Amino acid sequence: MATDLHELLRSLRVWNPEVTSLPSFDPSGAPATPLKLFTTWFAEAVAAGQTEPHTMSLATADAEGRPDVRTVMLHGADSDGWAFASHSHSRKGGHLAVRPYAALGFYWPVLGRQVRVRGPVTAAPSEEGQADLHARSTGALAAALTGRQSEVLGSLGELARASEDAWERAQREPGAPVPTWTLYRLLPDEVEFFQGDERRRHVRLNYRRIAEGWHQELLWP
């Protein structure tokens, strides 16, 4: 039986106050820096059983300013920025080469929370990217060794053969170099924390980087 997308969308309910209970968030007690609050919220998402809380949307733009977005994995967050990785010749790598600015979006529906991060992006030194890659799983190394990310694929059989060869090499050479693999760091200009409310009185706390550190401001939902 065919599915009517519009009817299906209208049938869905988000944060129904009769069955939903979301945590409260008092921004007056928020820490002075966004990284500290992000670490707390991330730990709470893990504790609440959020599936893959370290996945995030990464938005970039090409040379003409046309946006693109995809889901990637957070590799770390510290005073140097929020880190993710990719091949330098991938589509996102090409975007960042010409427009080194990006946005990240985390969504943890189990808590009704979002975190949005925007700022300039830089590539870490090659040795840091290689160390990050080799600290991950065999599968991650095999995927990186397969390479050709974002290029046109002739067939799934071609992918299967390349992947099998990459897996064999990753198992044989766990320190195999992947020169194009790059660790990127986004140093935020702004970080917004969104706490959903079942009555739609959502709390939005925005951090803006200023000369003296960070300025906090509330935003209308």
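Just above, that's the structure.
Residues numbered from 1 in each chain as written. Predicted model: local features only at pLDDT ≥ 70, side-chain atom pairs only at ≥ 80, totals over all residues. Heavy atoms only, no water.

Peer 1: Where do I start with the packing of aromatic side chains in this structure?
Peer 2: In this description, an aromatic ring pair is defined by two values, namely the gap between the centres and the angle between the planes. Going through the model one piece at a time under the given rule, you end up with 12 aromatic pairs. On the basis of an interplanar angle of 75 degrees and a centroid distance of 5.2 Å, the ring pair of F25 and W41 is categorised as edge-to-face. Of this pair, F25 sits in the loop between α1 (5–11) and α2 (34–47) while W41 is found in helix α2, placing the two residues 16 residues apart along the sequence. Look at F25 and you get buried, because its relative accessible area is 13%. Using a relative accessible area of 2% as the deciding quantity, one classes W41 as buried. Ring geometry for F42 versus W108: centroids 6.1 Å apart, planes at 75 degrees, classification edge-to-face. Taken together, the positions of F42 in helix α2 and W108 in strand β5 (residues 101–108) put the pair 66 residues apart, joining distant regions of the chain. Using a relative accessible area of 0% as the deciding quantity, one classes W108 as buried. Here a set of aromatic residues connected by ring pairs shows up, and it is made of F25, W41, F193, Y207 and W214. (Phe/Tyr/Trp six-rings, centres within 6.5 Å; stacked < 30°, edge-to-face > 60°. Helix = DSSP H or I, 4+ residues; strand = E, 2+ residues; numbered from the N terminus. Buried < 20%, exposed > 50% of the residue type's maximum accessible area, 1.4 Å probe, protein only.)

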